[in-house]
Amino acid sequence: MPAPRKQSPSSPATSRTAVSPAVAARVRQLAAQAEHRRAIAEFRARRAADQQERINALLLETIAALASLLGAEHS
């Protein structure tokens, strides 16, 4: 019966369990960049929503002021 062969270092089974420090560092770097981009996108979305809310409030104030002016003219 032949002895089981050792897998070469480049075989998939070995490469899944033994990641070089450079590859691990790159993975961490890419993960950090993705998290940073997500945080920026969340900040921009929150800022846009806040700006829209302020615009809507100003628009409602303007409509109310115009309505009161027009109502005063008809009285």
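Residues numbered from 1 in each chain as written. Predicted model: local features only at pLDDT ≥ 70, side-chain atom pairs only at ≥ 80, totals over all residues. Heavy atoms only, no water.

(A) Examining the overall build of the chain more closely. Looking only at helices and strands, the chain has two helices and zero strands in total. Across the 75 residues that make up the chain, the buried fraction comes to 1%. Accessible surface computed for the chain: about 7,000 Å², of which carbon and sulfur atoms make up 64%. (Helix = DSSP H or I, 4+ residues; strand = E, 2+ residues; numbered from the N terminus. Buried < 20%, exposed > 50% of the residue type's maximum accessible area, 1.4 Å probe, protein only. Areas by Shrake-Rupley, 256 points an atom, 1.4 Å probe, with all protein chains shown as cover.)

(B) Quick peek at the pattern of salt bridges. This model, assessed by the stated rule, comprises three salt bridges. Residue arginine 38 pairs with glutamate 42 through a salt bridge whose shortest N-O separation is 2.6 Å. Of this pair, arginine 38 and glutamate 42 are both found in helix α2 (residues 21-74), four residues apart, which corresponds to roughly one turn of the helix. A relative accessible area of 41% places arginine 38 in the partly exposed class. Residue glutamate 42 is classed as partly exposed on the basis of its relative accessible area of 39%. The salt bridge involving arginine 46 is made with glutamate 42; its shortest N-O contact spans 3.1 Å. Separated by four residues within a single helix, arginine 46 and glutamate 42 lie in helix α2, roughly one turn from each other. (Salt bridge = Lys/Arg side-chain N within 4 Å of Asp/Glu carboxyl O.)

(C) Local environment of a nonpolar patch on the surface. Taken together, the side chains of Val19, Val23 and Val27 define a hydrophobic patch exposed on the protein surface, amounting to about 250 Å² of accessible area. Take valine 23: its relative accessible area is 44%, and that puts it in the partly exposed class. (Patch = residues over 30% accessible without salt bridge, like charges linked within 9 Å, V, L, I, M, F, W, Y side chains within 5 Å.)

Any link to function would need more than the numbers given here.
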